[in-house]
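# Secondary and tertiary structure notes
The primary structure of each chain is shown beneath.
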Amino acid sequence: MKQNSLNGWFKSGAPGVWISGGAVSIAVIMTLGLLAVIAVRGLGHFWPADLIQANYNVPGQENHIVIGEVVQKEEVPRERLKSAGLPVPDAGPEFMTRELIKVGNRDLNGNDFTWIVGEWLKDQTTPKSLMTIERREWGNFYGTLVNVKQDGKVIAEGEAAWPELQARVDRVNALAAQLKTLEKSDIGAINAGLERIRLHGRKLELEGKLDAAAQADMEADRAELNARYQDIEARLADLHAQFNRDALTARDGNGKEIEIGIGKVVHAYQPNAMSTLTKIGFYFSKVWEFLSDDPREANTEGGIFPAIFGTVMMTLIMAMIVTPFGVLAAVYLREYAKQNTLTRVIRIAVNNLAGVPAIVYGVFGLGFFVYVLGGSVDRLFFAEALPAPTFGTPGLLWASLTLALLAVPVVIVATEEGLARIPRTVREGSLALGATKAETLWKIVLPMASPAMMTGMILAVARAAGEVAPLMLVGVVKLAPSLPVDGNYPYLHLDQKIMHLGFHIYDVGFQSPNVEAARPLVYATALLLVLVIATLNLSAVWIRNHLREKYKALDS
Amino acid sequence: MNDLANSTMTTTSPPKRIDFNTPELQRKRRIRALKDRLTRWYVLVGGLAVLGAITLIFFFLAYVVAPLFQGASLTREDALTPAWIQDAGKPLMISLEEQNQVAMRVSDKGQALFFDITTGAELKRVDLPLPAGASVASIGEDQPGSPLVVLGLSNGQSLVFRHTYKVSYPDGKKTISPAIEYPYGETPIVLDDAGRPLEHVALTATDSTLVLAGSAGSFLNVLSLSREENMMTGEVTSEQQRIELPQMTEPVKAIFIDPRQQWLYVINGRALADVFSLRDKNLNGRYKLLEDGNAEITASTQLVGGISLIVGNSKGGLAQWFMARDPDGEQRLKQIRTFQMGTSPIVEISAEERRKGFTALDASGQFGVFHSTAHRTLLVDPVVDGLGVYGLSPRANRVIVEAGGKLQPLLLDNPHPEVSWSALWSKVWYENYDEPKYVWQSTAANTDFEPKMSLAPLTFGTLKAAFYAMLLAAPLAVAAAIYTAYFMAPSLRRKVKPVIELMEAMPTVILGFFAGLFLAPYVEGHLPGIFSLLMLLPIGILVAGFVFSRLPESIRLRVPDGWESAILIPVILFVGWLSLYMSPYLETWFFGGDMRMWISHDLGITYDQRNALVVGLAMGFAVIPNIYSIAEDAVFSVPRGLTLGSLALGATPWQTMTRVVILTASPGIFSALMIGMGRAVGETMIVLMATGNTPVMEMNLFEGLRTLAANVAVEMPESEVGGSHYRVLFLSALVLLLFTFIMNTLAELIRQRLRKKYSSL
C-alpha cells in the first residue's frame, strides 16, 4: 500500500514540482544568506568587543597570559589539530575547540592574530581595567594603563591616569586635524603653485618666449611661495613638537611595559568597563569614522572616505557622459532610423554589448583612451609636462569614459524601451496639430520617456559602481595621494588616479600584507557597496513600476 | 438642431480668416523647419557617433593585434665602400653596438676596427697584442649579448678581449667612444701545449670562472680559469685548471660551451655532435645531427641563454637542438625543430641578444630571419651576391653584411617574431622542458628568458571555470525559472523576482571576495559537509514533498497552490545546517579526521584552497540570475492556450510542463544557457579572487586555474606598451569579445525567432 502510494506520487510528477520549487528556495536562500553574512560581519566590526584575559597553557610549554578579542570559534576534529603539529594528547574527546584571538601588540608579538586551542585556555576573566588602544601604526594595543607622561615626566598614575589619558588623546586628535589641514591643503596648495610655475616656465621655453622679464616674474612668484612654505614649516615643526609631547606607559598581559607616544593614539577605551549605551554611542562614532576618515596602515585600518569619494566622483562623471549620449542613440534608433534589417542588427549588437566582459572594455580603455587619446592630448596641450604624462596615464577621466562606454548599452536599451512604450496615438496627435517632429520629440516624447531615461541612468550607475575589473587598468589605485577635487586650480583633477570601493575590497582583501586584520574592514566596505547598489537598483525597479502604472491609463 | 444652426448663423458673422502667411508667421515656420532639420541631423550624427564608438572596440582591438601576425621586413640601404676596406684583411666577425652607431670588425690580421655604421668611416683601429710570429687562426664569441671574444692563434695560444662602448655628451652632443679591454690580461693564454694552431675556439664566462676550449685538428683542449678577488685587499688570484676529456677521432668543426658550464658541445666530422659533461668529465653521447648522408654541418651558433644550439647544413636546412631528459631520466641532445631557408649551404648564423630568434646567411647571399619558440620563418630575402660575413645589432634591427669588398647595411623590422598560431595554441617544446607542453609564463626577471605564451592553458582554465559554474547554475536556474514561471503563486512570484534581480546586481567583486576570503577556507574545513549537502538537498526536498503529500488534507489545503518553495525554505535550511554540522563527524568517520589530507595523500590529488569548486560555487551564483531571468521569460510567455489545452486533455501539470511547456520554450532556455555561459567565460573578478591564478591544465576540481580575463587583469598593467606580450593580451581580450559576442548574438536570434513563433500561436 505504502509502496504503491510512493509510486503514485512519483508518477504524478509532484517530485519535479518540488525539486524545481526547491531550486527557487535555494537561490533565494543563497542571496539572502550572502547578504546576511556580509551584513553581520560588516556591522559587527564596529562593536567594541569585550577583552578577555586568560592563561594559555600549551602542554610542554611555558604558561603565558593572553589578552585579546575572540574573533572566531570553531570545533575541529582532534586529528586535524594533531596533523597541524600541535601537542594534542592522544586520548580525549573527538573534537576540540579552536579560537582565533586578536591579541594585537604587533610591535611586541610580531602578529595581531593567533589561533589557540580552547581547551588549553584557563581562568578566563574580563577585567574592567583592560584597555584597547587604537594606534596610528602597529595596529591595536591591548593591556593595562600604567601612567601618563608629559615631556618624559609622569603626570598621572593608577586610577587618575585614565581620565588624564582621555583628555590628552582628545587634545592630540585636535592637533592631528590641524596638522592634516596644514600638510594637505596649505602645503599642497604651495606645491601646486610651484608646479604651475615650473610648467609655465617650461611652456614659455618650448615656445621660445622665455625672456629675462618672464624669468624674473616667475622667480618672484617662486620666492613668495617659498617664503610661505618656510612660514608653514615653522608652524608644522611647532605642532609636531606639541603633538609628540605626551606619552603613556602600558603593560601587556605578560607584564612587559611599553611606552606609547600619545601622538600615535587614535582612540583609547576600556570595552569591559563600558555600558551597553556607551557601546552603542561608540559604535555609531566608529561607523561615522569609517565613512569619513582616511585609511591608515596600508588601508587595513581607519576609514574609506577617499574610496567613497572616488567612486561617487567617477560615477557622477560617467552618468553625465552616458545619459545624453545613450538617449541620443536611443532616439536615433527608435524615432529617426528606418526600421529595417540594419536597424535590427544594430539593436541586437547594442543589446549584446551589454554582455561583453567588462575586462574587454578595460583593455580598450587602456589601449585607446589612455595611450592613444591621452597620448595625443598630452602632446597637444600638455607638452610642457612631458615626458611625465598628464592624461597619457590612467586617471579619473579615462575610468569614467571607459565605464560610460560599458554602460551606454544599458541606457540605450532602457530608453528605447521607454520610447517604444509611448503610444503611437500620442505622437500622431501632436503631429496632427501641426507640431514638427523635433517639437513632438522635445515637448511630448522625451518628457514622457524621462522616467525610462532615469531608469536607464540609474541602472547604468549601478552597473558602473560595481564594476572593478576594467578600472584596475584605467585609473584606480590602492592609495591615491589626494582627492580628485581640492582647492587648487583647476579644482577638479580629471587626470588624477582615484580610489574605488570595489577595488578597495579587492586590494585590501587580497593584496594586503595583513589580510586577517583587514578582513572586517573588507566586509564593512562590501556591505556599503551592496547597500549603495541595492538602493540604486531598487529605485530603478520602483521607477519602472511607477512608469507602467502611468502608461496603463494611456494604453486604454 | 435647426435652432442651433440658425442661431449660429445669425449671431456670429462669418469667421474671421486667420492669415497664416504673415511675414512673422512665415519666419517662425522657417525657424521651426530649420530646428526640425537641425534636430534630425543632430540625432543622426550623434546617434551614429555613439554606435560608431561602440563598434570602435572591435576595430581597435583588431588593430592592436594585427601586427602580431605580420612578418619581418628588410630595407636595403646604399652599399658602402670605405677606403679602409682595401687593406683591412679578411673579416672574421662584425659586431654592432646598442645604439646602432658604431660597428666593430675583427680581421684575420689581428686588427679590431671600429667604424661608423651610417658612413662607413673608420673611427678607431686597434692592433690586438698578438705574440710575435703568431697569426689569428680562429675566433669565438661568448653567448649573444656578452662582449667577450676569443681569438685562437696559430701557436696554440688564445687571446680574450672585450669590446666596450662609452656614451658621453661633450658639448651636448652624443658621442660613442669604443674601446678594447683585456679582462684576463694582454698575455695570451696557452691552450694547446704542443703549439698547434687552434682551428676552433669557444669560451664562456661567469663572474668567477672562464672556460676556454680550443681544438687543433681532432685534439681538444679545455681550460677553466677561476678568478677570486680578495674582499679585503682587492687582490686578484687566478687559478688555471685543465679539464681532460676523451679525445676526438674526427676533426672538430665547432665547439660550444653551455653557460652554466655543464655541457660542452663539439661538432665534428660531417654531421656529428659529441656532448661532454663538464662536471663528470665524460662523454654524454654522440649524436647524428643530419639524416641525409650527403649533407654536412656548415654553420652553428648558440641561442641567447646558451641552452639551444642552432645548426645549419649544406642543404640550406637549420635545426634547433638542446639537452632534454629522456623518459629514463638521462639528458640527451634532441632535435627540437627544423627550418628550411633555401638550398644553398648556410654560411653564418647569428642569434638575437634579447629574444630566442636568430638570423642566417647562406652561400647564395640570402638572408633569413627565424624565431625558435614560435617556429616561424619570418623572412628570407637575397641581400648580397656570394659569400659574406655579417653582424646583427643587439636590438636585432640592423644588419651589416660585408661581401665582395663592400659593406651592405640593412634595416630589419621584426617587432613580434615570438608569436605564431602554433606558439599560441599548440604544444611547444620550450628550453629546459623535457617534452612539448602548453605553458603560459609571459615574463621573468632574467633577460634570456623564453616567453611562453600559449593561450591554451588560459582558454582551458576559462572553460573549466565556466563548466563548473554552469554545472551548478544551469540546473538550479532553469529549474527555478520553470517553477517561478509556471507553478509559483503570482503573489509569491512578485516577491521572488526582485530578490533574484538583486542577485543579478550584486557586484562581482563582492562575490569574488566572499568566495576567496570566506568560502574558500570554509569549504576547505567542511569538505564532507559540502558534498553531503549537494547529495542530501534533493533527497531532503523529495522527502519533504512526500511527507507533505501524506499530511491530512485539513493541513494541506491550508497552504495554497504554488507555495511549495516557501515550505521548502525551512527544510533546506535544516538540511544545510545538518550537513554542515555533521561535517566534522563524517570527516572523522570516513576520512581519518582530515579530508583535505585524505584527498592529497590517499587519492593523490592536489588540493589548493582556492580551487575550481569554490569558483564553481561563486560564479555559479553570479550566473544563476542571468540564466534565470531569460529562461523565466521564455517559459512565462508560452501561450496559455497550449498549456490549458494540455491540461484539458487530462495531463497532469508536470506532464504539461515537460511535454508541452519545456518543449516550446526550449530554444529560449537554450539561449538563456548561452548567455549564462558567455557571462561565465568573461567574468573577471570572481576568478581573480577565488582561484590561485595558476595556469595549469588539469580538470581537477580541487586545483586552481587561470582564465583569459583574469590573466588580462593581472598582467596588463605590467606589460610594455606595444610589445608582443601587450598585443597577446589584447588578442585574448579580442578572443573573449568575439566569443561572448557570437554567443549572445546567437542567443538573441534564437529568442527573436521564438517570439515570432509564439505570436503566430
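By the naming in an unreviewed UniProt entry, chain B is Phosphate ABC transporter permease, taken from Pseudomonas trivialis. UniProt, in its Subcellular location (unreviewed entry) section for chain B, records the words "Cell membrane". Turning to chain B, the UniProt annotation filed under Sequence similarities (unreviewed entry) states: "Belongs to the binding-protein-dependent transport system permease family."

Per an unreviewed UniProt entry, the recorded name for chain A is Phosphate transport system permease protein PstA, and the organism is Pseudomonas trivialis. The Sequence similarities (unreviewed entry) field of the UniProt record for chain A holds the comment "Belongs to the binding-protein-dependent transport system permease family. CysTW subfamily."

### Considering the overall build of chain A
Looking only at helices and strands, chain A features 16 helices and 13 strands. Structurally, chain A occupies a C-alpha span of about 110 × 90 × 40 Å along its principal axes. Within chain A, the proportion of its 556 residues that are buried is 38%. The contacts in chain A between residues at least 6 apart in sequence include a share of 71% that link residues at least 24 apart.

### Brief notes about the UniProt feature "domain: ABC transmembrane type-1" (unreviewed entry) in chain A
The UniProt record annotates "domain: ABC transmembrane type-1" (unreviewed entry) at residues 308-540 of chain A. Between the C-alpha atoms that bound residues 308-540 of chain A there is a distance of 21 Å. The span itself is 73% helix and 0% strand.

### Points about the environment of Trp-47 of chain A
All names here are of chain A. Of note, Trp-47 is situated in the loop between helix 2 (14-44) and strand 1 (52-56). By the C-beta count within 10 Å, which is 13 here, Trp-47 ends up partly exposed. Separated by 381 residues in sequence, Trp-47 and Glu-428 have C-alpha atoms that sit 62 Å apart. Excluding residues that lie within four positions of it along the chain, Trp-47 makes contacts with Lys-279 and Tyr-283.

### Some details on helix 5 (residues 490-505) of chain B
When the terminal C-alpha atoms of helix 5 of chain B are compared, their 23 Å separation across 16 residues agrees well with the 22 Å that a helix rising 1.5 Å per residue should span. Here helix 5 of chain B has its buried residues at Val-496, Ile-500, Met-503 and Ala-505 of chain B.

### Considerations on the nonpolar core
Residues and elements named next belong to chain B. Ranked by internal contacts, the top residues of the largest apolar core, which has 221 residues, are Ala-618 and Ile-627. Considering every element that reaches this core, the biggest residue donor is helix 4 (residues 456-487), with 19 residues. When near neighbours in sequence (up to four residues on either side) are disregarded, Ile-627 contacts Ala-473, Ala-474, Ala-477, Val-478, Ala-672, Leu-673 and Gly-676. Of all hydrophobic cores here, the second largest spans 88 residues; its members include Phe-161, Tyr-265, Leu-303 and Trp-321.

### Quick look at the UniProt feature "transmembrane region" (unreviewed entry) in chain B
All names here are of chain B. Summarizing the sequence annotation, UniProt attributes the feature "transmembrane region" (unreviewed entry) to residues 41-66, 465-487, 499-523, 529-551, 563-582, 612-631, 660-681 and 726-747 in the numbering used throughout. In the segment residues 499-523, helix accounts for 92% and strand for 0%; the C-alpha atoms at its two ends are 25 Å apart. Measuring from the first to the last C-alpha atom of residues 563-582 gives 29 Å, for a span that is 95% helix and 0% strand.

### Thoughts on the UniProt feature "domain: ABC transmembrane type-1" (unreviewed entry) in chain B
Sequence positions flagged by UniProt for "domain: ABC transmembrane type-1" (unreviewed entry) are, in local numbering, residues 459-747 of chain B. The annotated region residues 459-747 of chain B carries 79% helix and 0% strand content, and the separation between its end C-alpha atoms amounts to 22 Å.

### Quick notes on the UniProt feature "coiled-coil region" (unreviewed entry) in chain A
Summarizing the sequence annotation, UniProt attributes the feature "coiled-coil region" (unreviewed entry) to residues 215-242 of chain A in the numbering used throughout. Between the end C-alpha atoms of residues 215-242 of chain A there is a gap of 40 Å, over a span that is 100% helix and 0% strand.

### Here we look at the domain arrangement of chain A
Interface size, as often reported, equals the accessible area lost upon joining of the parts. Residues and elements named next belong to chain A. By domain assignment, chain A separates into domain 1 (52-130), domain 2 (142-269) and domain 3 (307-555). Computed over C-alpha atoms, the centres of domain 1 and domain 2 are 40 Å apart. With 12 residues of domain 1 in contact, the opposing surface of domain 2 contributes 8 residues. Residue composition of the side of domain 1 that touches domain 2, grouped by class: 6 nonpolar, 6 polar and no charged.

### Let's talk about helix 2 (residues 23-65) of chain B
Over its 43 residues, helix 2 of chain B extends 61 Å from the first C-alpha to the last, a length consistent with the 63 Å expected when each residue adds 1.5 Å. At Thr-55 of chain B, helix 2 of chain B shows its maximal kink, close to 30°. Tucked inside the fold, the buried residues of helix 2 of chain B contact helix 8 (305-336), helix 9 (341-353), helix 10 (358-381) and helix 11 (396-421) of chain A together with helix 16 (724-760) of chain B.

### Focus on the interface of chain A and chain B
Taken residue by residue, the interface counts 84 residues in chain A and 90 residues in chain B. Here the side of chain A that touches chain B is built from residues that sort into 59 nonpolar, 18 polar and 7 charged.

### A closer look at the sheet that holds strand 28 (residues 398-403) of chain B
Strand pairing in a sheet takes place through backbone hydrogen bonds and is either antiparallel or parallel in direction. Residues and elements named next belong to chain B. Read from one edge to the other, the open sheet built from 4 strands follows the order 1-29-28-27, with strand pairing classed as antiparallel. The sheet is open, and its two borders are formed by strand 1 (73-76) and strand 27 (389-392), each paired with just one other strand. Recorded for the sheet is a direction-independent mean angle of 25° between the axes of neighbouring strands. Judged from the 6 bridges that link them, strand 28 and strand 29 (residues 406-413) form a sheet pairing that is antiparallel. Looking at strand 29, one finds that Val-401 is bridged to Gln-408.

### Topic: unusual backbone geometry
The phi dihedral of Trp-138 of chain A is positive, around 70°, even though this residue is not glycine. Its identity is not glycine, yet His-375 of chain B carries a phi of approximately 50°, on the positive side. Mapping His-375 of chain B onto the fold places it in the loop between strand 25 (366-371) and strand 26 (376-382). Judged by the 19 C-beta atoms lying within 10 Å of it, His-375 of chain B is partly exposed.

### So, the environment of Leu-272 of chain B
All names here are of chain B. Topologically, Leu-272 is positioned in strand 17 (residues 272-277). Given 19 C-beta atoms within 10 Å, Leu-272 falls into the partly exposed group. Separated by 20 residues in sequence, Leu-272 and Val-252 have C-alpha atoms that sit 9.6 Å apart. With residues near it in sequence (within four places) discarded, Leu-272 still touches Arg-286, Tyr-287, Lys-288 and Leu-289.

### Overview of the pairing of strand 19 (residues 297-302) of chain B
Residue and element names in this part refer to chain B. Among the 6 residues in strand 19, 6 count as buried, and that is most of the element. Pairing between strand 19 and strand 20 (residues 309-313): 5 bridges, direction antiparallel. By the bridge assignment for strand 20, Thr-301 is matched with Ile-310.

### Focus on the sheet that holds strand 1 of chain A
Residues and elements named next belong to chain A. Read from one edge of the open sheet, 5 strands run 4-3-2-1-5, paired in antiparallel fashion. The open sheet has two free edges, formed respectively by strand 4 (113-117) and strand 5 (121-125), since each of these has just one partner strand. On average, each strand axis in the sheet is tilted by 40° relative to the strand beside it, whichever way the strands run. Judged from the 3 bridges that link them, strand 1 and strand 5 form a sheet pairing that is antiparallel. Bridging from a neighbouring strand, Gln-53 pairs with Thr-125 of strand 5.

Analysis parameters
- Residues numbered from 1 in each chain as written.
- Chains lettered and ligands numbered in written order.
- Predicted model: local features only at pLDDT ≥ 70, side-chain atom pairs only at ≥ 80, totals over all residues.
- UniProt positions renumbered as here; feature names shortened; annotations may be inferred.
- Helix = DSSP H or I, 4+ residues; strand = E, 2+ residues; numbered from the N terminus.
- Buried ≥ 20, exposed ≤ 12 C-beta atoms within 10 Å, placed from the backbone.
- Contact = placed C-beta atoms within 7 Å.
- Expected span 1.5 Å × (residues − 1).
- Core = buried A, V, L, I, M, F, W, Y, C linked by C-beta atoms within 7 Å.
- Domains from an automatic or database assignment.
- Nonpolar A, V, L, I, M, F, W, Y, C, P; charged D, E, K, R; others polar.
- Bend = angle between axes of the 7 residues up to and from the residue.
- Pairing = 2+ DSSP bridges.
- Axes fitted to C-alpha atoms, helices over the stretch in contact; angles between N-to-C directions.

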